[in-house]
Amino acid sequence: MTRSQLLLRLLFKAAWVRKDRALTALISVAVVATIATAALTIYSDLEGKLSREFRGFGANVLVTRASGILSADQLAGIRKIIGGNGEVVPVAYAIATETASGARIVVGGADVIKLRRLNTSWSLSESGPGNALIGSRVDETIAHGTDLHLSFGKASAVIKAAGVFHSGSDDDSRIYLPLDDFVSLTGVQPNTALVRVEGRPQEIQAAISSLRTALPEADVQPVRQITQAQTAVVGKTRSVVLASSAVVVVLIMLCMAATFTSSVLERRRDFAVMKALGASNRTVSFLFASESALLALAGSAVGYVLGSGIAFWIGKANFDAAILPQPALLLPVLLGSVILALIASTAPLRLLQQIQPAGILRGE
Amino acid sequence: MFLRLLFESFRRQKRRKSVALLAIALGMSIATAMIAVGTDIGDKINQELRSLGANLVITPIEDTLDVNIGGVNLKPASEGSFIPEQELIKIKGIFWGHNVKGYAPFLSAPQVIKTASGDVKAELIGTYFAQPLHYGNEEFSTGVRSVNPWWKVEGEWPQDYAAWPQNQPPDVLAGSKLAQESHISVGDQIEIGGRKLRVSGILNSGGAEDQAVVAPLHIVQTVLDQPNAVRRVTVSALTKPEDAFARKDPETLTGAIRDRWYCSPYANSIAYQIREVLPNVRVEQIRQVEQNQGKVLSRVSGLMLLLTLAALLAAALAVSAAMAATILERRQEVGLMKSLGAGNTAVASLFLTEAGFLALAGGLIGFLAGAALAHRIGQSIFGSSIEVHPVVLAVVLCAAVLVTFIGSAGAVRKAMRFDPAVVLRGDA
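Residues numbered from 1 in each chain as written. Chains lettered and ligands numbered in written order. Predicted model: local features only at pLDDT ≥ 70, side-chain atom pairs only at ≥ 80, totals over all residues.

> Break down the overall build of chain A for me, citing the residues and quoting the values.
Counting its secondary structure elements, chain A contains twelve helices and eleven strands. A compact globule built from 364 residues would reach a C-alpha radius of gyration of about 21 Å, whereas chain A, at 34 Å, exceeds it by more than 25%. Taken along the three principal axes of its C-alpha coordinates, chain A extends 110 × 40 × 30 Å. Going through the 364 residues of chain A one by one, you find that 45% of them count as buried. Here the analysis covers contacts within chain A between residues at least 6 apart in sequence; of these, 85% occur between residues at least 24 apart. (Helix = DSSP H or I, 4+ residues; strand = E, 2+ residues; numbered from the N terminus. Rg over C-alpha atoms; globule rule 2.2 N^0.38 Å. Buried ≥ 20, exposed ≤ 12 C-beta atoms within 10 Å, placed from the backbone. Contact = placed C-beta atoms within 7 Å.)

> Can you tell me about the domain arrangement of chain A, naming the residues and giving the values?
Entries for chain A in the domain assignment read domain 1 (3-52 + 232-362) and domain 2 (60-222). Once you take the C-alpha centre of each, domain 1 of chain A and domain 2 of chain A turn out to be 58 Å apart. (Domains from an automatic or database assignment.)

> Tell me what's going on with helix H5 (residues 217-224) of chain B, and back it up with residues and numbers.
Residue and element names in this part refer to chain B. Taken across its eight residues, H5 has six buried, putting it largely inside the fold. Residues Leu217, His218, Ile219, Val220, Gln221 and Val223 constitute the buried set of H5. Looking at the packing, one finds that the buried side of H5 touches strand E5 (100-115), strand E6 (118-127), strand E11 (189-192), strand E12 (195-204), strand E13 (212-216) and strand E14 (229-230).

> Describe the confidence of the model for chain B, with residues and values.
In the predicted model, chain B carries a mean pLDDT of 86, and the fraction of residues at 70 or more is 99%. Confidence estimates for the predicted assembly give a pTM of 0.81 and an ipTM of 0.82. (pLDDT = per-residue confidence, 0-100.)

> So what's going on with the interface of chain A and chain B? Residues and values would help.
The partner chain B presents 62 residues to the 69 residues of chain A that form the contact. Only helix H2 (19-52), strand E2 (87-98), strand E3 (104-109), helix H5 (136-143), strand E11 (219-222), helix H8 (224-265) and helix H10 (281-319) of chain A provide two or more residues apiece to the side of chain A that touches chain B. Each residue belonging to the side of chain A that touches chain B can be placed in one class, and the counts come to 35 nonpolar, 25 polar and nine charged. (Nonpolar A, V, L, I, M, F, W, Y, C, P; charged D, E, K, R; others polar.)

> Now, about the packing of helix H2 (residues 14-49) of chain B against helix H10 (residues 344-382) of chain B: what can you tell me, with residues and values included?
Residue and element names in this part refer to chain B. Where H2 contacts H10, the two axes come as close as 6 Å, and the packing angle between them is 40 degrees. Judged by the inter-axis angle, H2 sits oblique to H10. Judged by the sense of rotation from one axis to the other, the crossing of H2 with H10 is right-handed. Split by residue class, the contact of H2 with H10 holds 22 nonpolar, seven polar and two charged. (Axes fitted to C-alpha atoms, helices over the stretch in contact; angles between N-to-C directions. Parallel < 35°, antiparallel > 145°, perpendicular 65-115°, else oblique. Left-handed = near helix turned anticlockwise from the far one by under 90°.)

> Which residues make up helix H3 (residues 72-82) of chain A, and what are the values?
Residues and elements named next belong to chain A. The complete set of buried residues in H3 reads Ile78, Ile81 and Ile82. All buried residues of H3 project into a common sector of 90 degrees when viewed along the axis, lining one side. For H3, exposure combined with an orientation more than 90 degrees from the buried face picks out Ala72, Asp73, Ala76 and Lys80. Here the buried face of H3 lies against strand E1 (61-64), E2, strand E10 (192-196) and helix H7 (201-214). (Arc of directions from axis to C-beta.)

> So what's going on with the packing of H8(A) against H10(B)? Which residues, and what values?
At a minimum axis separation of 10 Å, H8(A) and H10(B) run at an interaxial angle of 155 degrees. Here H8(A) is positioned roughly antiparallel relative to H10(B), judged by the angle of their axes. As for the relative orientation of H8(A) and H10(B), their crossing is right-handed in sense. In contact with Lys236(A), Ser239(A), Val240(A), Ala243(A), Ser244(A) and Val247(A) of H8(A), H10(B) contributes Leu373(B), Ile377(B), Ile381(B) and Phe382(B). Here the residues of the contact of H8(A) with H10(B) are counted per class, giving seven nonpolar, two polar and one charged.

Here it is as structure tokens:
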């Protein structure tokens, strides 16, 4: 039997003869690797996932031209900057007079479908076959569910409602018409664009800067209350997840190290027998270390798979979108576990080396 | 005899016991910290979400439509109706008054502003900045500084004057765009309606206020000659995310169901309670804020809940494994006891009692350490501490006993299955 065959046999037998001991060690490593993988995977994708939840807040950037209009080229430029996930809704405003009461109403022209998609928080009651969105206060004080007769200076029109919306903002005092109808009635072209940039806080900031450079003649303003709340909530949640994961991972690592160390100390008899049979300190340390390293490698591989699975499931359950495994984490998790196991298992050997094998065998 | 065995086991196996104790304490501090953070995260994030500003708006029911384009108000100041300012304090007296974090009244009208570089037409907005108020015995201050936390001021915030100051012109804020266009800087004097005002700061709000002059409410009431008048009030309240029950009309509910609706801090029930104390107003949710913050809140709380569960499971497994590891090494002891005539019950009860003591001690240490950790996390991230409810101690102790029993029981049973003679010979 060669040396390496003997080593393999010793390693294999040690694990096989005391399966329960090997199993508890394997479980503790796997638990550490699982929780570390899950926490890190979630943390790495959290900013993106949480930022998506802010899309419901509607426009987070306003582009306006105080004088002049936003041309088709400029709108196309905005679309290009914010990418496929964002939304751009050009809006034009004018004041109309209701013919019966003489009340003045702000009328907006916009792509009504896009406007609804942008403001998902509005509650909309479908009420008619028309094509206008009527603000709730307009409906309450003037329209009362009937058609509106509006005069726009030269032109006048009968506005039929498609629905009445509640927003809780100034929009409740407004009416929105499809842009084409609006332009043919008033001749006013859009000078404002409601823009929703999707992404992480820093991506939104970058988009705002590029919008400012691309449209020097327009005023680009972030809706600060939304961008600021997003930054605060996303940042603090990330910190909490990081801090609590760090606490969990560090404590559970200590827990695992304690288990490992104590089980090595319990094997002082094995240690003494090997020494008595003539093994050097180095050989014994090597044997113990390679045993722990193999266990840690197997345990952390299991843990990586389990942890990625947990992160995937948490993403599905909580964000309705899977959090995908991070292959980049595999190596750090494996290496970390192996190093930890090596430290935890070889440190106690130093203690044992100070005792004579005979003493241990006698039971001292 | 039993007690002696127990006592000696602790005395003679200090190292083994301290490893087990350490493992339990570590596991239980994970549990305590995660439970504390996980249960408190909702409140903490809800507070953070208040940086979205108000979630309810109060307007007079008889009011005419707002005529407002791009932040320019075209509605005459005299038109429409108002809410009496002195009634507003009643908002604090509603059932959920404690959840009302603040409110800000507004009164505004377009005015001609005389500046050093000429006349300019701009909106004059009156509001509270941090108006001190008292309701009953409670002292608090409210205004835009807390309700609209995204408002940034370069210079000084004005004070909230109770009346027009005698000696010097009152302080106001100039919006950043207005200041830029009309060359107003901090310390300049402006004149509105023949009255002198001093610009104490430049306001950057990112909204329509950037083109306006924002002044203390009582100053604007004096300028516009509309004492006690408020056009609009925004209210920032801590609310529970809306669900199907929240959308029910309280008038259709009766008895206990209505009470449950009324006593839940939904935006709708808070709005209903405000309507009860302020007659002739409409109270609307600011839907953009109210509808979405609940979603964000539930995502964050849900995430922490799942993470807490995962951490608890991991801690339980780690503690069980540690307990199993220490007991598995004691099969010689089991063999010795059995060969001296001890029954399985006697051996099991000795080991489980030991485990129970370890669990209680470890649970207590872990609870204290975990509470300290949670406190630190709260302080460093949210600037406010995360309190650990005493109930968590009971939960943690029970969990510690349960987990150590589960970990020990399997190992003890395994150790007892061996023939004592084989174990003692060292062949097992």
